[in-house]
Amino acid sequence: MIGRLFSGLDNRVGWVLEAAAFVSSMLVVGLMLFLVLARYVFGWSVVGLLELIMLFGMWLYMLGGLIASRRNEHLVVDFVELQISDQRMKLMHKALISLITLIICLFFVVLAYRMLAWGMRRPQSTPGMGIPLWLPQASIMLAAVGCSCYALRDVICALTGIKRLKGEH
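Residues numbered from 1 in each chain as written. Predicted model: local features only at pLDDT ≥ 70, side-chain atom pairs only at ≥ 80, totals over all residues. Heavy atoms only, no water.

A. Geometry of the overall build of the protein. For the protein, the count of helices and strands is 5 helices and 0 strands. Computed over its C-alpha atoms, the radius of gyration of the protein comes to 21 Å, more than 25% above the 15 Å expected for a compact globule of 169 residues. Overall, the C-alpha framework of the protein stretches about 75 × 35 × 35 Å when taken along its three principal axes. Across the 169 residues in the protein, those meeting the buried criterion constitute 32%. Expressed as a percentage of contacts within the protein between residues at least 6 apart in sequence, the contacts between residues at least 24 apart total 76%. Carbon and sulfur atoms form 72% of the exposed surface of the protein, whose accessible area is close to 11,700 Å². With 15 positive and 9 negative side-chain charges, the protein shows a separation of 8 Å between the mean positions of the two kinds. (Helix = DSSP H or I, 4+ residues; strand = E, 2+ residues; numbered from the N terminus. Rg over C-alpha atoms; globule rule 2.2 N^0.38 Å. Buried < 20%, exposed > 50% of the residue type's maximum accessible area, 1.4 Å probe, protein only. Contact = heavy atoms within 4.5 Å. Areas by Shrake-Rupley, 256 points an atom, 1.4 Å probe, with all protein chains shown as cover. Lys, Arg positive; Asp, Glu negative; His and termini not counted. Charge placed at Lys NZ, Arg CZ, Asp CG, Glu CD.)

What follows is the structure in structure tokens.
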């Protein structure tokens, strides 16, 4: 019951993340195309357009990291894991790696929160379009919290797998 609830929630969150990443990527590509056409075809200088592109690029980058974390497709060094043949040891290794990742992600959450809080207390904006700097900072906070949640999921899955193997023996 709880597994189906989390699976359904994960599917909905995944759909939202992928839709947001798709929209961000289309905006980055579309705005870049418009910028190139405006400059080199029409000779226009559109003030602040690069700021807008960078904003959507930042969201795209952070959403991409979050999607990779959700799918467990982020960059890994699996040399040690490939050397382990015992299933229980593999799960213990995965639990350790997931715990280290969770600790690092929680540290990332603290840093992102401090940056976002500082940006809210001392509001600044971009020079061209006046975009508040907390908008791109919010993408970093979202990625930090989301990656922490997925790291916690990985810890729980590894520990559950160890417990399940222990019950079989």
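B. How the structure looks around the state of the cysteines. One pass over the structure, following the stated rule, counts 0 disulfides. A disulfide-free cysteine, Cys105 has its sulfur positioned 5.3 Å from the sulfur of Cys147, the nearest such atom. No disulfide involves Cys149; its nearest neighbouring cysteine sulfur is the one of Cys147, lying 9.3 Å away. A relative accessible area of 49% places Cys149 in the partly exposed class. (Disulfide = S-S within 2.5 Å.)

C. Representation of the pattern of salt bridges in the model. For the structure on display, the rule yields 4 salt bridges. In this structure, Asp10 engages Arg70 in a salt bridge whose closest nitrogen and oxygen atoms are separated by 3.1 Å. Here Asp10, found in helix 1 (residues 2-40), pairs with Arg70, found in helix 2 (residues 49-71); they are 60 residues apart in sequence, far enough to count as distant. With its nearest N and O atoms 3.7 Å apart, the salt bridge here joins Arg71 to Glu73. (Salt bridge = Lys/Arg side-chain N within 4 Å of Asp/Glu carboxyl O.)

D. Structural context of helix 2. Helix length check: helix 2 (23 residues) gives 33 Å between terminal C-alpha atoms against 33 Å at 1.5 Å per residue, within 8%. Where helix 2 is concerned, the buried positions are Leu49, Glu51, Ile53, Leu55, Met62, Leu63, Leu66, Ile67, Ala68, Ser69 and Arg70. Immediately downstream of helix 2, the backbone of Asn72 shows phi near 60°, a positive value. (Expected span 1.5 Å × (residues − 1).)

E. A nonpolar patch on the surface, seen in detail. On the surface, Leu33, Phe34, Val36, Leu37, Tyr40, Val41, Phe42, Trp44 and Val46 cluster together into a nonpolar patch covering about 910 Å² of accessible area. Structurally, Tyr40 can be placed in helix 1. Take Tyr40: its relative accessible area is 66%, and that puts it in the exposed class. (Patch = residues over 30% accessible without salt bridge, like charges linked within 9 Å, V, L, I, M, F, W, Y side chains within 5 Å.)

F. Geometry of unusual backbone geometry. Although it is not a glycine, Asn72 adopts a positive phi angle of roughly 60°. The class of Asn72 is partly exposed, set by a relative accessible area of 37%.

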